[in-house]
Amino acid sequence: MTRKPEIDALLSILRDDGIHDEAVLEAIAKIPRDIFVAEPFVRRAWENVALPISKGQTISQPYVVALMTQALELNDRMKVLEVGTGSGYQAAILALLARRVYTLERQKPLLREAEDKFRQLGLHTISTLHADGGLGWRAQAPFDRIIVTASAQDVPPVLVDQLAIGGIMVVPVGEVSHTQLLLRVMRTPTGIDVTELMPVRFVPMLAGTEEF
């Protein structure tokens, strides 16, 4: 089936910007970003920009999604935790690349909307939980990979504890009013190894949950 020209254009931009993992690029091509964005922005769904969704949140720029996913170095045997379901777009990408995805969201309306999208797309390897993301999902730990889609003040030790030895976490760190850095954190037998990936801007990680 012929792909939409706007999808091929986005893939070309991502390749030019250093996204080289073909499995990641193929997942981005397969998941329809347009169903995850708010109705007024559907025409812009395949642009390389962040867009608003409900509850004051955003769907991340495709380049950031691709870079974070590529940095995880996924394969189809891995168990992944996502902290911050948001629109559900990142979890849908992960579901095409990993064995199982566990995703947490503190805002129940966002989680319910994302669950509807997962059903619509027939993604049955995603488990969801309405919970405080900063606490992780201890009952399902350890995870081979963890991806955090809200900024923490520092590398969260609770999440490091839920990461398998040799596992990788990608997390934005820093104050919302200042420069945040996207970090790739590998857990080692003696601690963590941290690599800086790029400056980013994410909403802050907040404690607690919201029902409405």
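Coordinates for the structure precede this section.
Basis of the calculations
Residues numbered from 1 in each chain as written. Predicted model: local features only at pLDDT ≥ 70, side-chain atom pairs only at ≥ 80, totals over all residues. Heavy atoms only, no water. Phe/Tyr/Trp six-rings, centres within 6.5 Å; stacked < 30°, edge-to-face > 60°. Helix = DSSP H or I, 4+ residues; strand = E, 2+ residues; numbered from the N terminus. Buried < 20%, exposed > 50% of the residue type's maximum accessible area, 1.4 Å probe, protein only. Lys NZ or Arg CZ within 6 Å of the ring centre and 35° of its normal.

A. Main features of the packing of aromatic side chains. Counted under the stated rule, the structure contains 3 aromatic pairs. Centre to centre, the rings of phenylalanine 36 and tyrosine 89 are 5.6 Å apart; their planes meet at 65°, and the pair counts as edge-to-face. Separated by 53 residues along the polypeptide, phenylalanine 36 in the loop between α2 (22-30) and β1 (51-52) and tyrosine 89 in helix α4 (residues 89-95) bring together distant segments of the chain. With respect to burial, phenylalanine 36 and tyrosine 89 carry one shared label: buried. On the numbers, 5.3 Å between centres and 85° between planes, the contact of tyrosine 102 with tryptophan 137 is edge-to-face. Residue tyrosine 102 is found in strand β4 (residues 100-105), and its partner tryptophan 137 is found in the loop between β5 (126-130) and β6 (143-148); the two are separated by 35 residues along the sequence. Neither residue differs from the other here; tyrosine 102 and tryptophan 137 are each classed as buried. An aromatic cluster is present here, built from Tyr102, Trp137 and Phe143 joined pairwise through their rings. Directly above the ring of tyrosine 89 sits arginine 33, whose terminal nitrogen or CZ lies 5.8 Å from the centroid.

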